[in-house]
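Observations on chain architecture
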Amino acid sequence: MSDLSQLGDLLDVCLARSESVVNPDMWKELAALRGRLRRRTGFLGEILVVALAGGTGSGKSSLMNALCGVRVAEVGIERPTTSRCLAATPSDIVGDLSGFVVSLGIDEMIEVSGLDDLVLVDLPDFDSTFTDHRRIVETVLDVVDAVIWVFDPEKYSDRIIHDSFLKPLRGHQDQMLFVLNQADRLEGHLDQVKASLRVHLRDDGFIDPHVITTVATASESVDLSTDELESALAERLDIKETAIQGLAVDIAHAANRLWQHIDQSFDELQGDERHEAALAMASFVSLGVAANHVAALRPRKDTSDELG
Ligand SMILES: Nc1nc2c(ncn2[C@@H]2O[C@H](COP(=O)(O)OP(=O)(O)OP(=O)(O)O)[C@@H](O)[C@H]2O)c(=O)[nH]1
Ligand SMILES: [Mg+2]
């Protein structure tokens, strides 16, 4: 079990054992921390879970293969090629994935030795006629850390993508990475198309959208180009880790505060009340140790971002 799931379980135990023991406001603060932990970590706290979304043929599966360094997803000429959800995961975390797999409705998982801190989910396209596809994309957004929206040179201004998907999701800008793929096909026009895509995204309601360009298939004359996207993903993981570290510090402080709060009146308690208070204090000690452990695992950064 991961450190973060363990921390979540300990928080649940503390909440159950302390409800009748501590002051209700303090208990509510603890419950709020549990909510923040759940939201921040999704199902895989130490890993960035990223879905690839976009129109059919934009190059989602090709980009997944390029990021994995091996061919894991089917790439095709006939559309749509991908009709099922496929996840590529680092090899050693499959045991932690069951909740995630169920909630996303993932059909197939492939372990990729080259992936470190990244789970990639190749989604079916969302402009084909299968309403099922749209449902999958919508479900995924609640669970993943980031979504890479893959555009191609032909359909980057597609109304379905902008009106039905991106506009309603403008509030989730922090989760989005916009990629213009097949950049090799835009020789001489790349800057122009990039600027035009930025205008569309601004019209959708995204503030100062950044567009990353990629080449997801190599040929004799063209190299793969995914460096900028990989840097952006690494940056996302840093932000996520910093947020989790800050949350772990808050949980450690809360555990300490609640332990002291119970301890102050402990001597006056008798019988069952004393027993319950002792159990709650023991749980808060374990929680404090676990939270300090999670906080110490991650490099400390100056940013005091609050994404919870
Ligand atoms: N020139 C060029 N072709 C690309 C690039 N990326 C993908 N392709 C081609 O575009 C076609 C579609 O790629 P896929 O990766 O199957 O696209 P997809 O988005 O997964 O498509 P669906 O599964 O149908 O939704 C394939 O023929 C790829 O070889 C690229 O960067 N440059
Ligand atoms: Mg595909």
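Report on the accompanying structure. All values reported here derive from a predicted model rather than from experimental measurement.

Here we come to unusual backbone geometry. In this structure, Gln182 is a non-glycine residue whose phi angle is positive, near 65°. Relative to the elements of secondary structure, Gln182 occurs in the loop between strand 6 (176-180) and helix 7 (190-204). Even without a glycine there, the phi angle at Asp208 is positive, about 45°. Positionally, Asp208 belongs in the loop between helix 7 and strand 7 (211-213). Residue classification places Asp208 among the exposed positions, given a relative accessible area of 55%.

Turning our eyes to something else, we now look at helix 3 (residues 60-68). Taken across its nine residues, helix 3 has nine buried, putting it largely inside the fold. Along its buried surface, helix 3 packs onto strand 1 (48-54), strand 2 (86-89), strand 4 (118-122), strand 5 (146-151), strand 6 and helix 8 (227-266). Just past helix 3, the residue Gly69 takes up positive phi, approximately 80°.

Turning our attention to the nonpolar core. Membership of the largest hydrophobic core comes to 31 residues, with the highest contact counts inside it found for Leu7, Leu30, Leu37, Ile251, Ile262, Phe284 and Leu287. Of all elements in the fold, only helix 1 (3-18), helix 2 (24-41), helix 8 and helix 9 (271-297) reach the threshold of two or more residues within this core. With sequence-adjacent residues up to four places away left out, Leu37 is seen in contact with Leu4, Leu7, Gly8, Leu11, Leu247 and Ile251.

Below, the discussion takes up empty space enclosed by the protein. Within the structure shown, the criterion is met by one cavity of 30 Å³ or more. Each pocket or cavity is described by its volume, and for the largest cavity that value is around 30 Å³. As for the largest cavity, its lining consists of Met26, Glu29, Leu30, Ala254, Arg257 and Leu258. Secondary structure elements with two or more residues in the lining of the largest cavity: helix 2 and helix 8.

Side-chain positions along a regular strand alternate between the two faces of the sheet. Buried residues dominate strand 1, accounting for seven of its seven residues. Alternating residues of strand 1 divide into Leu48, Val50, Leu52 and Gly54 and Val49, Ala51 and Ala53, and every residue in both groups is buried. With five bridges joining them, strand 1 and strand 4 adopt parallel strand pairing. Within strand 4, the residue paired with Leu48 across the bridge is Leu118. Judged from the five bridges that link them, strand 1 and strand 5 form a sheet pairing that is parallel. The residue bridging Ala53 from the neighbouring strand is Trp149, located in strand 5.

Summarising burial for strand 5: six of the six residues are buried, a large majority. The two faces of strand 5 match: Ala146, Ile148 and Val150 on one face and Val147, Trp149 and Phe151 on the other face are all buried. Both strand 5 and strand 6 contribute to a ladder of five bridges, which runs parallel. From the neighbouring strand, Trp149 faces strand 6, where its bridge partner is Phe178. Once you follow strand 5 into helix 6 (residues 159-166) and on to strand 6, the crossover reads as right-handed.

In this section: the pattern of salt bridges. Following the criterion strictly, the structure yields eight salt bridges and no others. A salt bridge links Arg185 to Glu154; the shortest N-O distance between them is 2.6 Å. Of the two residues, Arg185 is situated in the loop between strand 6 and helix 7 and Glu154 in the loop between strand 5 and helix 6; the sequence distance between them amounts to 31 residues. Among the ionic pairs, Arg198 bridges to Asp208, the shortest N-O distance being 3.4 Å. Taken as a pair, Arg198 in helix 7 and Asp208 in the loop between helix 7 and strand 7 lie far apart in primary sequence, 10 residues in all. Overall, Arg198 belongs to the partly exposed group, its relative accessible area being 23%.

Turning to the sheet that holds strand 5, a few remarks are in order. Within the open sheet, the seven strands sit side by side as 3-2-4-1-5-6-7. Their pairing is mixed. Lying at the two open borders of the sheet, with one neighbouring strand each, are strand 3 (108-111) and strand 7. Taken pair by pair, the neighbouring strands of this sheet meet at an average axis angle of 25°, ignoring direction. As defined by bridge partners, strand 6 adjoins strand 7 across three bridges and the pair is classed as parallel. Directly across from Val179, in strand 7, lies its bridge partner Ile212. Strands in contact with helix 6 are strand 5 and strand 6; relative to strand 5, the strand with the most contacts, it is inclined by about 160°.

The rules behind each value
- Residues numbered from 1 in each chain as written.
- Chains lettered and ligands numbered in written order.
- Predicted model: local features only at pLDDT ≥ 70, side-chain atom pairs only at ≥ 80, totals over all residues.
- Heavy atoms only, no water.
- Helix = DSSP H or I, 4+ residues; strand = E, 2+ residues; numbered from the N terminus.
- Buried < 20%, exposed > 50% of the residue type's maximum accessible area, 1.4 Å probe, protein only.
- Contact = heavy atoms within 4.5 Å.
- Core = buried A, V, L, I, M, F, W, Y, C linked by side-chain atoms within 4.5 Å.
- 1 Å grid on protein atoms, 1.4 Å probe; cavity = no way out; pocket = protein on both sides within 12 Å on 5 of 7 lines; lining within 4 Å.
- Points joined across faces, edges and corners; volume = space filled by probe spheres on them.
- Pairing = 2+ DSSP bridges.
- Right-handed = clockwise from strand over helix to strand, strands pointing away.
- Salt bridge = Lys/Arg side-chain N within 4 Å of Asp/Glu carboxyl O.
- Axes fitted to C-alpha atoms, helices over the stretch in contact; angles between N-to-C directions.

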